[in-house]
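# Structural description and commentary
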Amino acid sequence: MYIDKDSLIINGVNMGTYLTQADFEYNKLWASDSGRNLAGEQIGTLIGIFPKIVCSFRKLTQEDLRILTPILDSARQEVTYFDDNLQKKVTMTTYSGDWKAVCKSIGKVEGVQCSFISTKKRGA
Amino acid sequence: MKQHSKEFEKEITLLGKQQVVQITYGDVVLTSEDINSATPSYEANLLKSVMKSLVLDSNKDIPLRTEINFKYGLLVNGEYEYLDYGTYIVYSSERKEDTRSYEIKCYDKMLWSMKDYEKLDITYPCTIVKFINTLCKKLGYTLGTTDFANKDRQLKDDVFDGINYTFRDVLDDLAEATASTIYVKDSTLILGQPNDKDIVLDTENNLTIITEESQEISVEGTSYGETQTANATFEENSFKDINVNFGAKYGPINSIVLSRSAGSDNVFLQDEDSIKVNGLCELKISDNQIMNQNDRSDYLQEILSTLDGLTYYINDFTSTGIMYLDLLDVYSVKIGDHVYDKCIMLNDEQDITQGLEEHIETNEPEQSETDYKKADKTDQKLNQTTLIVDKQAQQIQGVINQIGDRSDKKTTITADIDGLYSKVIDTEDLTKIAEGLTEVTLENCYPGNILELHIYGNNSVFDGLMPSDTLVPEEGLMPRGDSIIVITDKEGNSKEYNFGDLRVLKQNEETFDEFVLDNNKAYIIRRIDSDGKTLVNEKTEEIGEFKIPLGEDTNTIKIKNYTAKLYVKYAIKSTYTDVFATKVEMNTSINQTADAINLEVSKKVDDNEIISKINQSAEQIQIDADKISLERKRNQLNK
């Protein structure tokens, strides 16, 4: 949850001034033994909860992109966010998805969106 | 069964279980972050030793021969509860460059037995329990089982020396002889049996095992303060929806067969009542070095007592993960209306990756069919046919022995690396013994002298009279003090033989004087003095030469005027007695090696021996005999 303007930091950069929306996903990852048992019941091993934050950015200037693109292009990031289950700020190592910038006017881009997915299951 | 809580049993079957593994050695702790997968497994059989294995896919290497402890953890009520799998030894480590990880193979401490057998520091004969204790000390184990089948049976010699056995092979043979499955728990050697005892753990973490006889045996241990029933029942929620197979019920075992090499020469013991009700179910033990001598049938009773009635279901299934069952645990399965009430853990493989899969399999022992008409209950009998493989001497010996009333025939065939040897011995005893009180009847007599006569003292036989000076005996009264025996032939003709003036033959409890006629010479052995006391050294009184001939067929021999025990040995009629001998021994032997064949036939008639020999090699044939008879139409001898 985005509880205040300082509650989403990625690689030391406060995302608060750049976001229009942040989707906090708590995705369950199931092992390959998932399926049904002989009684027809659903069974499986839960590998863990892998939090994912999808960041949607406002229209960005060249200067904004100068700050953000190293983060978006890096293989790994350190993300600090407020976890709704744990009810505290948590730092996790993430990997990021692809991103694109849509240019409809000179000097500004829009529609930039990027996902940050935890590399490890959420701890206790 | 590995110790665990009731919550663990429930959580492991539920959707969304979360698991970890942990490996510790020294100060190092490897967790699920370092271990990509772990596969603990074992393959067991009844009456065998078992070595458990653990295969790891690890991001970190572990040095060879490191002793590691492996645990499996399950998230229960917010905390991880661990099953302790015990100690393993790292056996090999292989770097896999494609996954940038290490495949590490580990085995439990049964690995210490995987080396060549060395003679133990022990004095023979010794009991099996002492042998196992000494073996444990040699290998670094502690013996954890004190009561097992055949534990007090004696090992006469070291049967494992020089036959290229490993200690593991020795444990396999011991497992068969003790009717157990041998495994190691950390450093403790256990001779195990299928376990369906209830285990109760109290709140102070003490373990109490309740036996079938409702006895309570207390054992110290750590626990979660829960009751754990070894004979657990599993239902559909423990099984995957594929590969769940249950076969027929094996057993009940009601026949134990011991066989020597090539499944030959069987001895057996059966529970006849069980066979009548359930049909025959045999368990065959072959080529066991401990049970390879002629006392092997002595082992059968305790083996049968231990295994008699053992029954279990054959199965092969994949479960969603049970994890806490251990080797030899007995469990039940209920699927729909079908109840498989006795299953034994013999084979288990747990695949712990991101998910969990456990494959459990129980097979029946290798099937055997014994021809019981050609088997026997013991080797200790008059007519023997045995085949013994002596691996230490590298020799196979076959013996066929038939003992009759008056005959002993034996054929021995011995094969070793150098050749094949056979010997036939046929011994006929042409004498017979008759015993009785005062009078005995001798049947089927061959005409000739009595061979032996013994009269045993009883303080009255041959006793003399001491009449007073004034005594006048009446006519017809026969005085005592004689030593007359009477021989009566089949026609009723009697003849008396008087051995002269002998003193009474005395007796003192179990010791007695003895009159002996042996080989036509008579004498008395005095063992009691004139006061009736036993002599320190017996004395012999020579009487002289006596021949007491017997007529053909039936004769009776009687002490005329006294009562006493008689023993008579005499010659009987047979096909051999036309040579006037009492013992005829015929020996033939054939010795065959790669270079030559040597034949020898000898015939011994009392002290006379007739021998003929033929020695044949590639270059010549040599015949050594008193007579040579060549029968052909023409004999032409080269100059």
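Quick caveat: nothing in here was measured; it's all calculated off a predicted structure.

Once that is clear, we can look at the sheet that holds strand β24 (residues 338–344) of chain B. All names here are of chain B. Strand order across the open sheet formed by three strands is β17-β23-β24, with mixed pairing between neighbours. Two strands in the sheet have a free side with no partner beyond their single neighbour: β17 (232–234) and β24. Within the sheet, the average angular offset between the axes of one strand and its neighbour, ignoring direction, is 25 degrees. Across five bridges, the pairing between strand β23 (residues 330–335) and β24 is antiparallel. Within β24, the residue paired with Y331 across the bridge is C343.

Looking now at the sheet that holds strand β8 (residues 77–83) of chain A. Residue and element names in this part refer to chain A. Here seven strands make up an open sheet; going across it, the order is β2-β1-β8-β9-β12-β6-β3 and the pairing antiparallel. A single partner strand is all that each edge strand has here, and the edge strands are β2 (13–14) and β3 (19–30). One ladder, built from two bridges, connects strand β1 (residues 8–10) with β2; its direction is antiparallel. Looking at the pairing, I9 lines up with N14 of β2. Across the sheet, helix α1 (residues 62–73) touches β1, β2, β6 (46–57), β8, β9 (88–96) and β12 (113–118), and the angle it forms with β12 is around 45 degrees.

This part is about the interface of chain B and chain A. Listed as interface residues are 20 residues of chain B and, on the opposing side, 16 residues of chain A. When the two sides are added together, the surface that chain B and chain A hide from each other amounts to roughly 1,500 Å², 58% of it contributed by carbon and sulfur. Run the count over chain B and chain A and you get one salt bridge. At four residues, strand β18 (residues 239–250) of chain B tops the list of elements feeding residues into the side of chain B that touches chain A. For the side of chain B that touches chain A, a count of residues per class yields seven nonpolar, eight polar and five charged.

Within a regular strand, side chains alternate between the sheet's two faces. All names here are of chain B. Here strand β19 (residues 255–260) lies mainly inside the structure; six of its six residues are buried. Burial of the side chains of β19 extends over both faces: S255, V257 and S259 are buried on one face and I256, L258 and R260 on the other. Pairing of β19 with strand β21 (residues 282–286), which is carried by five bridges, proceeds in the parallel orientation. Bridge pairing in β21 links V257 to K284.

Let us look at α1 of chain A. Residue and element names in this part refer to chain A. The terminal C-alpha atoms of α1, which comprises 12 residues, lie 16 Å apart, in line with the 16 Å expected from a rise of 1.5 Å per residue. Residues D64, L65, L68, I71 and L72 constitute the buried set of α1. Buried positions in α1, seen along its axis, are confined to an arc of 130 degrees and lie on one side of it. α1 presents Q62, R66 and D73 as exposed residues on the side facing more than 90 degrees away from its buried surface.

Residue and element names in this part refer to chain B. Within the secondary structure, Y72 sits in strand β5 (residues 67–76). Expressed as a C-alpha distance, the spacing of Y72 and M323, which sit 251 residues apart in the sequence, is 8.5 Å. Y72 has contacts with F8, I12, Q19, V20, V21, E81, Y82, L83, Y85, M323, I352 and L356, leaving out every residue within four places of it along the chain. Within the structure, the side chain of Y72 is placed 2.7 Å from the side chain of Q19, a separation counted as a polar contact.

Our focus in this paragraph is the nonpolar core. Within the largest apolar cluster, 108 residues are counted, with the highest numbers of intra-cluster contacts made by L56, I68, Y72, F131, L174, L189 and I290 of chain B. When residues of this core are assigned to their parent elements, the largest contribution, seven residues, is made by helix α2 (residues 128–139) of chain B.

Moving on, we come to the side chain of S53 of chain B. Residue and element names in this part refer to chain B. Considering the arrangement of structural elements, one finds S53 in strand β4 (residues 53–58). Judged by relative accessible area, S53 falls into the buried class, the value being 14%. When sequence neighbours within four positions are dropped, the list of residues in contact with S53 reads T39, P40, S41, Y88, C106 and Y107.

Per-residue pLDDT for chain B has a mean of 83; in total, 78% of the residues score no lower than 70. Every residue in residues 198–228 of chain B is under pLDDT 50, and counting partners more than four places away or in other chains gives 65 contacts.

Turning our eyes to something else, we now look at the packing of aromatic side chains. Residue and element names in this part refer to chain B. Under the counting rule described, the total for this entry stands at 23 aromatic pairs over all chains. Ring centres of F462 and F515 lie 6.5 Å apart, and the angle between their planes is 80 degrees; on these two criteria the pair is classed as edge-to-face. Linking F462 in the loop between β34 (452–456) and β35 (484–488) with F515 in strand β39 (residues 514–518), this pair joins segments that are 53 residues apart in sequence. For the residue pair F462 and F515, the accessibility class agrees, reading buried in each case. One aromatic cluster is present, built from ring pairs that chain together F8, F234, F239, F246, Y313, F317, Y324, Y331 and Y340. Of note, R95 hangs over the ring of Y102, and the distance from its end group to the ring centre comes to 5.0 Å. The positively charged end of R153 is found above the aromatic ring belonging to Y299, 5.5 Å away from the centroid.

Conventions adopted
Residues numbered from 1 in each chain as written. Chains lettered and ligands numbered in written order. Predicted model: local features only at pLDDT ≥ 70, side-chain atom pairs only at ≥ 80, totals over all residues. Heavy atoms only, no water. Pairing = 2+ DSSP bridges. Helix = DSSP H or I, 4+ residues; strand = E, 2+ residues; numbered from the N terminus. Axes fitted to C-alpha atoms, helices over the stretch in contact; angles between N-to-C directions. Contact = heavy atoms within 4.5 Å. Buried area = accessible area lost by both parts, 1.4 Å probe. Salt bridge = Lys/Arg side-chain N within 4 Å of Asp/Glu carboxyl O. Nonpolar A, V, L, I, M, F, W, Y, C, P; charged D, E, K, R; others polar. Buried < 20%, exposed > 50% of the residue type's maximum accessible area, 1.4 Å probe, protein only. Expected span 1.5 Å × (residues − 1). Arc of directions from axis to C-beta. Polar contact = N/O pair within 3.5 Å; in protein donor to acceptor, adjacent residues only side chain to side chain. Core = buried A, V, L, I, M, F, W, Y, C linked by side-chain atoms within 4.5 Å. pLDDT = per-residue confidence, 0-100. Phe/Tyr/Trp six-rings, centres within 6.5 Å; stacked < 30°, edge-to-face > 60°. Lys NZ or Arg CZ within 6 Å of the ring centre and 35° of its normal.

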